[in-house]
Amino acid sequence: MSLKYSLALMRNPQRPDESPKYYAKSQARDTVDLNRIADEISYATTLTDGDVLNVLRGLIRKVKEHLSDGDIVDLAEFGSFQYQVSSHGADTKEEFTPANVRKVRLQFRPGKMLKPQIGDFQYERVISVKARKAAQQNS
């Protein structure tokens with residue numbers, strides 16, 4: 001398994017007076033959708049891809065429902081999901097209203113199964129997605 005990265009010249013926003021440096025940027029190989037995952041699981045089990053797809057879609061619906069109720073959804077070694085709220089401050093409790101809420105983010109905390117171990121990866125430098133698309137258009 002290798003993680004692909006490209007290099008990007010960027011300034012450090014905390015030190016804008018310093019010269020830019022090259023940093024690694026993750027590069028995705030592909031996007032894998034729910035249908036593909038269902039096909040792959042069904043191939044490795046006695047379930048049909050439709051059975052697997054129904055279970056995965058049911059899981060997504062239930063996760064969304066429980067998150068909307070304010071629950072933390074813990075999917076064991078896969079990880080857990082929870083909504084986090086950011087807001088503008090108010091001087092008093094009485095002055096705080098829902099209008100103070102700026103945004104809601106979905107937080108994911110990976111479980112043991114997904115936590116990356118840096119020593120477990122090999123790294124492969126590739127061109128950026130933007131450069132790859134530009135090269136495809138020019139050919």
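As a starting point, this report considers the structure included with it.

Thresholds, definitions, all that
- Residues numbered from 1 in each chain as written.
- Predicted model: local features only at pLDDT ≥ 70, side-chain atom pairs only at ≥ 80, totals over all residues.
- Heavy atoms only, no water.
- Helix = DSSP H or I, 4+ residues; strand = E, 2+ residues; numbered from the N terminus.
- Rg over C-alpha atoms; globule rule 2.2 N^0.38 Å.
- Buried < 20%, exposed > 50% of the residue type's maximum accessible area, 1.4 Å probe, protein only.
- Contact = heavy atoms within 4.5 Å.
- Pairing = 2+ DSSP bridges.
- Axes fitted to C-alpha atoms, helices over the stretch in contact; angles between N-to-C directions.
- Salt bridge = Lys/Arg side-chain N within 4 Å of Asp/Glu carboxyl O.

Re the overall build of the protein chain
Counting its secondary structure elements, the protein chain contains three helices and six strands. The order of α-helices and β-strands along the protein chain, N terminus first, is β-β-α-α-β-β-β-β-α. Relative to the compact-globule value of 14 Å for 139 residues, the protein chain shows a C-alpha radius of gyration of 21 Å, a clear excess of over 25%. C-alpha atoms of the protein chain, sized along the principal axes, occupy 60 × 60 × 35 Å. When each of the 139 residues of the protein chain is scored for burial, the buried share is 14%. Sequence separation of at least 24 residues holds for 36% of the intrachain contacts in the protein chain that already meet a minimum separation of 6.

Concerning the environment of aspartate 49
Here aspartate 49 lies in helix α2 (residues 49–68). Overall, the relative accessible area of 39% leaves aspartate 49 in the partly exposed class. Sequence separation between aspartate 49 and alanine 38 is 11 residues, and the spatial gap between their C-alpha atoms is 5.2 Å. Sequence-distant contacts of aspartate 49, that is, excluding residues within four places in its chain, are made with Ala38, Asp39 and Ser42.

Observations regarding the sheet that holds strand β3 (residues 73–74)
Taken in spatial order, the three strands line up as β3-β4-β5 in an open sheet, and their pairing is antiparallel. Edge strands, defined here as strands with exactly one partner in the open sheet, are β3 and β5 (101–110). Taken together, the two bridges between β3 and strand β4 (residues 79–87) define a ladder with antiparallel strand orientation. Within the sheet, the bridge partner assigned to valine 73 lies in β4 and is phenylalanine 81. Each of β3, β4 and β5 is contacted by α2, which is oriented at about 40 degrees to β4, the strand it contacts most.

Considerations on the pattern of salt bridges
Across all of its chains, the model carries five salt bridges by this definition. Between lysine 62 and glutamate 65 there is a salt bridge, and its shortest N-O distance comes to 3.0 Å. Of the two residues, lysine 62 and glutamate 65 both sit in helix α2, three residues apart, roughly one turn of that helix. One network of salt bridges, with partners in common, ties together Asp30, Arg36 and Glu40.

Quick word on the side chain of asparagine 100
Topologically, asparagine 100 is positioned in the loop between β4 and β5. Asparagine 100 has contacts with Ser87, His88, Gly89, Ala90 and Glu95, leaving out every residue within four places of it along the chain.

Taken by themselves, the reported measurements are silent on function.
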